[in-house]
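Next come the chains, spelled out residue by residue.
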Amino acid sequence: GRNFEKNKELKAIVRAGVPHKYRSAFWRSCIARVTAPCQGRDEPGFYKSLLSKAGMNMNIFVKQIELDLMRTLPNNCLFNTTGATGVDKLRNVLLAFSRYNVEIGYCQGLNRIAAFALTVLNLKEEDAFWTVVAVVEILPDDYYSQTMIGAQVDQRVLSDIMSDKYPKIMAHFQQFKIDLSLITFNWFLTLYVDNTNIDVVLTFWDSFLFEGDKVLFRFALAIFRIHHDMLLNTRDGIEVYNFCRAIGDSDLCSPENIKKIAFGELNPFPMKRVTEQQRLHGFHHLHCRYL
C-alpha cells in the first residue's frame, strides 16, 4: 500500500536493489504514495472516464500521439505495427494523460515512460497512466511543458556539478566544443529508459520512485565517473560524442558499479544544493526571458 514509512533503513534496502519479483508491487506502492493527493486517485472509474471524455478527436495532441506510437519501441513486437497489442494501450494512456493534465497535454518523452511501464513491468493501462502522473509529480515543474524549462534548468545544474566533481571531463568537452546537454538531456527526459541497459534502468527507477529526482544526478555522475579515464582518451569531438552516445550501455555500466559510486563515492550529496541550483538557474532563465 501507500502507507509504508520512508526511513533510512528502507532507503538502504531500496538502494541495494529491489528483488524483481517484488518490483511491480513496490513501484505501485511508490506511485500510489506520490499520486495520493492527485485528483481522481481514489475515484472508481476515473481512468475510464478520461478515455470516454467528449471531444476525443478535438484533442490537439491526438495527431502527435498517433505519430509517436510507432516510433516509441519500433523493434518491440508489442508496438511495431498499428494492430500490435501494445499500441492501443499506449494510445489510451497518453490520451488519458493529455486530458488529465491539460497544461502539459502531451510531450515527447512521456511515450517512452508510458511504454516502459506497460512492457517491462507489465503494468495494467491504469497503473501505467498513474506512473506517468507520478513522474510528472516527482520532477520539477515544466519538465514536459512545451518550453521544457524545468528540463533545461536541470541540465545547467548537472553542468555545474560536473564542473565541480569532474573538471577534467568538462575541460575535455570544452576543448572539443561539446555541449553536455546534447548527451544527457535525453537521459533525464526519458529517465534513462533510452540510454542504459535494462538492469541499470530498473535500479534507477527503484530509487527514483522512492527518493525523487536527485537520483537523476547521482546516476549521471556515476556513469561519467566510471568512464572518466576512457573519456579523456578520446581525441576529437566526433569520437567524444560517439563514445558518450553508447556510454550508458557499456559493459562497465552495471548496477553494482553505478550504485557503488552513486550512493557511496558521491556522498555527501545534499538535495539542498541541487534545489538551490535549480532555483538559481530557474530564476536566471526567467529573468533572461523577460529582460
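Keep in mind that what you see is a predicted model, and the values were worked out from it rather than measured.

Peer 1: Which parts of the structure should I look at to understand the packing of aromatic side chains?
Peer 2: Both the distance between ring centres and the angle between the ring planes are used here to describe each pair of aromatic rings. Within this structure, the stated rule accounts for 22 aromatic pairs. Taken together, a centroid distance of 4.9 Å and an interplanar angle of 70° make the contact between Phe129 and Trp130 edge-to-face. Look at Phe129 and you get buried, because its relative accessible area is 0%. Here Trp130 falls in the buried class, since its relative accessible area comes to 1%. Sitting above the plane of the Phe210 ring, Lys6 keeps its charged end 5.2 Å from the centroid.

Peer 1: I would appreciate a short explanation of the pattern of salt bridges in the present structure.
Peer 2: Between side chains of opposite charge, a pair can form as their charged atoms come close. Under the counting rule described, the total for this entry stands at nine salt bridges. The residue Arg71 makes a salt bridge to Asp68 at a minimum N-O spacing of 3.0 Å. Residue Arg71 and its partner Asp68 are located together in helix H4 (residues 62-72), separated by three residues, close to a single helical turn. Close ionic contact of Asp194 with Arg112 constitutes a salt bridge, the shortest N to O distance being 2.4 Å. Here Asp194 is found in the loop between helix H10 (180-189) and helix H11 (198-211), whereas its partner Arg112 is found in helix H6 (residues 110-119), with 82 residues between them in sequence. Within the structure, one salt-bridge network assembled from shared partners comprises Glu66, Asp88 and Arg91.

Peer 1: Whenever I open this one, a negative patch on the surface confuses me. Can you help?
Peer 2: A contiguous patch of negative charge on the surface is contributed by Glu103, Glu137, Asp141 and Asp142. Counting through the fold element by element, Glu137 comes out in helix H7 (residues 125-138).

Peer 1: Would you mind showing me how to read helix H2 (residues 20-35) here?
Peer 2: Side chains three or four residues apart in an α-helix point the same way, a direct result of the helix having 3.6 residues per turn. For H2, with 16 residues, the first-to-last C-alpha span of 23 Å sits near the 22 Å given by 1.5 Å per residue. Here H2 has its buried residues at Arg23, Ser24, Phe26, Trp27, Ser29, Cys30, Ile31, Ala32 and Thr35. Residues of H2 that are buried in the fold lie against helix H1 (8-16), H6, H7 and H11.

Peer 1: Whenever I open this one, the environment of Val102 confuses me. Can you help?
Peer 2: Within the element layout of this structure, Val102 appears in the loop between helix H5 (85-100) and H6. Each C-alpha atom of the pair Val102 and Asn59 lies 9.8 Å from the other, and the pair is 43 residues apart in sequence.

Peer 1: Please explain the nonpolar core as it appears in this structure.
Peer 2: The tendency in soluble globular proteins is for nonpolar side chains to be buried as a group. Ranked by internal contacts, the top residues of the largest apolar core, which has 101 residues, are Leu110, Phe129, Tyr144, Phe173, Trp205 and Phe224. Looking at this core element by element, the count peaks at ten residues for helix H12 (residues 214-226). Ignoring anything within four residues of it in the chain, the contact list for Tyr144 reads Ile104, Cys107, Gln108, Gly109, Leu110, Ile113, Val135, Val136, Leu139, Phe188 and Leu189.

Peer 1: Would you mind showing me how to read the packing of H5 against H7 here?
Peer 2: Two quantities define a packed helix pair, namely the angle between the axes and the distance from one axis to the other. Between H5 and H7, the least distance of the axes is 9 Å, while the angle of their chain directions is 45°. As judged from the angle between their axes, H5 and H7 are oblique. For the pair H5 and H7, the crossing hand works out as right-handed. Of H7, the residues touching H5 (which contributes Lys89, Asn92, Val93, Ala96, Phe97 and Tyr100) are Glu125, Ala128, Phe129, Trp130, Val132, Val133 and Val136. Residue classes in the contact of H5 with H7 are distributed as ten nonpolar, one polar and two charged.

Conventions we followed
Residues numbered from 1 in each chain as written. Predicted model: local features only at pLDDT ≥ 70, side-chain atom pairs only at ≥ 80, totals over all residues. Heavy atoms only, no water. Phe/Tyr/Trp six-rings, centres within 6.5 Å; stacked < 30°, edge-to-face > 60°. Buried < 20%, exposed > 50% of the residue type's maximum accessible area, 1.4 Å probe, protein only. Lys NZ or Arg CZ within 6 Å of the ring centre and 35° of its normal. Salt bridge = Lys/Arg side-chain N within 4 Å of Asp/Glu carboxyl O. Helix = DSSP H or I, 4+ residues; strand = E, 2+ residues; numbered from the N terminus. Patch = residues over 30% accessible without salt bridge, like charges linked within 9 Å, V, L, I, M, F, W, Y side chains within 5 Å. Areas by Shrake-Rupley, 256 points an atom, 1.4 Å probe, with all protein chains shown as cover. Lys, Arg positive; Asp, Glu negative; His and termini not counted. Charge placed at Lys NZ, Arg CZ, Asp CG, Glu CD. Expected span 1.5 Å × (residues − 1). Contact = heavy atoms within 4.5 Å. Core = buried A, V, L, I, M, F, W, Y, C linked by side-chain atoms within 4.5 Å. Axes fitted to C-alpha atoms, helices over the stretch in contact; angles between N-to-C directions. Parallel < 35°, antiparallel > 145°, perpendicular 65-115°, else oblique. Left-handed = near helix turned anticlockwise from the far one by under 90°. Nonpolar A, V, L, I, M, F, W, Y, C, P; charged D, E, K, R; others polar.

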